[in-house]
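Breakdown of the fold
These are the residues of each chain, in order.
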Amino acid sequence: MPDRDTLNAALAAAAGTRASGLVVRDGVAGLVLAVDGLDTAEAERLRAAVEVALRRVPGVTGVRIIMTAAKAAAPVGTAVRPDSAVPGVRRLLAVASGKGGVGKSTVAANLAVALGKRGLKVGLLDADIYGPSVPTLLGLPGRAQIEGGKLLPMAAHGITALSIGMMMAQDKAVIWRGPMAASAMMQMIEQANWGVLDVLVIDLPPGTGDIQLTMAQKLKPSGAVIVSTPQDLALIDARRAIAMFGEVGVPVIGLVENMSMFVCPHCGERSDIFGHGGAEDLGAGAGVPFLGAVPLTMALRAASDAGEPGAAPEFEGIAERVSVGLGL
Ligand SMILES: Nc1ncnc2c1ncn2[C@@H]1O[C@H](COP(=O)(O)OP(=O)(O)OP(=O)(O)O)[C@@H](O)[C@H]1O
């Protein structure tokens, strides 16, 4: 195990105050390097210098550096907004990812069901209007009904849900421009009869572009959960998502690491297919709480395809930490 003081000294000499969040696991040193104000060549030189300096420290077998030029992280730890802007709904919780395909919708659906199992009244809004997957994840293939001019969320697994996928043919491509996408989402919130909810979980589209920013600004959620895989690339995007919520003043409740590890169902051997622990390291560096890790399992994939969420035990702890973070 490398000596922590030697590591800190080497890091300070190479990067000054630009380095943060140093974590060492199994000889691999991970850190976040802020490269604000540097051009690409300067940033690369700094990265290389940090790597060389850390590799010289006895016991270091690898170095993992997340470079970021993002703005300051969201106001973590600040009080969650007490009430949402939607009448009857106590909290709005955004579930976001910097990158597509990291399992954001899977986490949003399982988290919503796990929050419901805690006795909370939970709604799930699929704002991922370009790739709505909530109808599949909850096993709700039908169309949403309209009553008194308002959309009626559909009920399953102890929660209620609405998705653009409940309003259109399954094989129809969604080709909407940004403003239409944002307004479709607002309609599903404002022109729907959600009734009384403790929390409305919003599965945002992946990424940190204008659409996501507009949605975050319009909704002003009480808090956000960011989903990432442990890979460096996904983590860089997760860092952008943290910065995006920071820009609009939405507290980031924490990070979930999905596809954190794979345990072979045949031989029991564990493989870290996308790495492991990266989100926790990023959280430590950015001052964002780590909410938990979800392994890559056949069971979760099969349950998701079958519309049977709620069986993966990891979501119980994540839901507990989220409800504490939301003050519920
Ligand atoms: N922990 C996991 N174990 C096994 N399969 C998973 C896990 N998480 C997600 N998956 C599978 O990965 C695929 C992508 O997941 P999902 O649709 O939730 O990602 P996403 O980030 O919401 O994607 P996008 O927003 O880009 O549409 C799905 O087939 C899902 O069942």
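Refer to the structure above for everything that follows.
Here we summarise the structure given alongside this text. Nothing here was measured: the structure is a model prediction, and the numbers come from that model.

Along the backbone of the chain there are 10 helices and 14 strands. Evaluated residue by residue, the chain yields a buried proportion of 52% over its 328 residues. Considering only contacts within the chain whose residues lie at least 6 apart along the sequence, 74% involve residues at least 24 apart. In the form shown here, the chain has an accessible surface area of approximately 14,300 Å², with 55% of it arising from carbon and sulfur atoms.

Let's shift gears to unusual backbone geometry. Residue H157 is not a glycine yet carries a positive backbone phi of 55 degrees. Looking at the element boundaries, H157 is found in the loop between β8 (154-156) and β9 (159-163). In this structure, M259 is a non-glycine residue whose phi angle is positive, near 55 degrees. Position of M259 among the secondary structure elements: in strand β12 (residues 252-263). The class for M259 is buried, based on a relative accessible area of 19%.

Across the 7 residues that make up strand β10 (residues 197-203), a large majority, 7, are buried. Sheet analysis places strand β4 (residues 89-96) next to β10, joined by 6 bridges and oriented parallel. What sits directly across from V95, in β10, is D203.

Taken as a whole and judged by the stated rule, the model has 7 salt bridges. Here E51 makes a salt bridge to R47, at a shortest N to O gap of 2.7 Å. On the criterion of helical spacing, the pair formed by E51 and R47 is a turn pair, its members being 4 residues apart in helix α2 (residues 40-55). Connected through shared salt-bridge partners, E44, R47, E51 and R55 make up one network.

What counts and how
Residues numbered from 1 in each chain as written. Predicted model: local features only at pLDDT ≥ 70, side-chain atom pairs only at ≥ 80, totals over all residues. Heavy atoms only, no water. Helix = DSSP H or I, 4+ residues; strand = E, 2+ residues; numbered from the N terminus. Buried < 20%, exposed > 50% of the residue type's maximum accessible area, 1.4 Å probe, protein only. Contact = heavy atoms within 4.5 Å. Areas by Shrake-Rupley, 256 points an atom, 1.4 Å probe, with all protein chains shown as cover. Pairing = 2+ DSSP bridges. Salt bridge = Lys/Arg side-chain N within 4 Å of Asp/Glu carboxyl O.

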